[in-house]
Amino acid sequence: MGLTLKDANLHVSSEVVVAYFPDCENVGFLLDDGTLWAYPLARGSAGGSLLKRKNLHGDRVVLIADVVRAGDVVDGELEYAWDETRCALGIVLNVPAGEDSQDE
């Protein structure tokens, strides 16, 4: 499965959780040029968004409405890759058709 966006909720499969967010309950987000960066936060650290347990399999869900406005992205499967330099998971957001980044 991987990552799926639905109604401003980012659904994270247990495989992604184990690979990139082990022992992590909160993540911090940064939106940069169409990529949503998810930073694992250490236990006990202040802030971030809660990775809520979705089921017994270990899938998680996190609300990203604070970072991404409704209508700016399209629900569906998302591409992602770990970035060693940033120590974060880069998530490519799906934008509505005809709405490429406008640099005017």
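About the thresholds
Residues numbered from 1 in each chain as written. Predicted model: local features only at pLDDT ≥ 70, side-chain atom pairs only at ≥ 80, totals over all residues. Heavy atoms only, no water. Phe/Tyr/Trp six-rings, centres within 6.5 Å; stacked < 30°, edge-to-face > 60°. Helix = DSSP H or I, 4+ residues; strand = E, 2+ residues; numbered from the N terminus. Buried < 20%, exposed > 50% of the residue type's maximum accessible area, 1.4 Å probe, protein only. Pairing = 2+ DSSP bridges. Salt bridge = Lys/Arg side-chain N within 4 Å of Asp/Glu carboxyl O. Contact = heavy atoms within 4.5 Å. Core = buried A, V, L, I, M, F, W, Y, C linked by side-chain atoms within 4.5 Å.

A word on the packing of aromatic side chains. Per the counting criterion, the structure on display carries 2 aromatic pairs. Between Tyr 20 and Tyr 80 the ring centres are 6.3 Å apart and the planes differ by 80°, which places this aromatic pair in the edge-to-face class. On the criterion of sequence distance, the pair formed by Tyr 20 in helix 1 (residues 14-20) and Tyr 80 in strand 8 (residues 76-83) is long-range, its members being 60 residues apart. Accessibility expressed as a relative area gives 25% for Tyr 20, which makes it partly exposed. Between Tyr 20 and Trp 82, the aromatic rings sit 5.5 Å apart at their centres with planes inclined by 10°, giving stacked as the arrangement. Here Tyr 20, found in helix 1, pairs with Trp 82, found in strand 8; they are 62 residues apart in sequence, far enough to count as distant.

Further remarks concern the pairing of strand 2 (residues 9-12). Pairing between strand 1 (residues 3-6) and strand 2: 4 bridges, direction antiparallel. Paired with Lys 6 across the strands is Asn 9, a residue of strand 2. Turn length for the strand 1-strand 2 hairpin, with the two strands adjacent in sequence and antiparallel, is 2 residues, and the turn residue Asp 7 shows positive phi of about 55°.

Summed over all chains, the structure comprises 2 salt bridges. Arg 86 is the partner of Asp 32 in a salt bridge, and the nearest nitrogen-oxygen pair spans 3.0 Å. On the criterion of sequence distance, the pair formed by Asp 32 in strand 3 (residues 26-32) and Arg 86 in the loop between strand 8 and strand 9 (88-92) is long-range, its members being 54 residues apart. Notably, a salt bridge pairs Asp 72 with Arg 69, separated by 2.9 Å at the nearest N-O pair. Asp 72 gets classed as partly exposed once you look at its relative accessible area, which sits at 33%.

Turning our eyes to something else, we now look at the sheet that holds strand 5 (residues 49-50). Within the open sheet, the 9 strands sit side by side as 5-3-4-9-8-1-2-7-6. Their pairing is antiparallel. A strand with exactly one partner marks an edge of an open sheet, and here the two such strands are strand 5 and strand 6 (52-53).

With that out of the way, let us pick up the environment of Phe 29. Positionally, Phe 29 belongs in strand 3. Of the residues examined, Phe 29 reaches a relative accessible area of 19% and is grouped as buried. For the pair formed by Phe 29 and Leu 89, sequence separation is 60 residues and the distance between their alpha carbons is 9.7 Å. Look past the residues within four positions of Phe 29 in its chain and what remains in contact with it is Leu 10, Leu 36, Trp 37, Ala 38, Ser 49, Val 62, Ile 64 and Val 67.

Mapped onto the elements, Lys 6 comes out in strand 1. Those residues in contact with Lys 6 that sit more than four places away from it in its chain are His 11 and Asp 75.

It is worth spelling out the nonpolar core at this point. Grouped together as the largest cluster of nonpolar side chains are 21 residues, with contacts concentrated most on Leu 3, Leu 10, Phe 21, Phe 29, Ile 64 and Ile 91. When contributions to this core are tallied by element, the ones reaching two or more residues are strand 1, strand 2, helix 1, strand 3, strand 4 (35-41) and strand 9. Residues within four places of Phe 21 in sequence aside, it is in contact with Val 16, Val 27, Ala 38, Tyr 39, Pro 40, Leu 51 and Leu 89.

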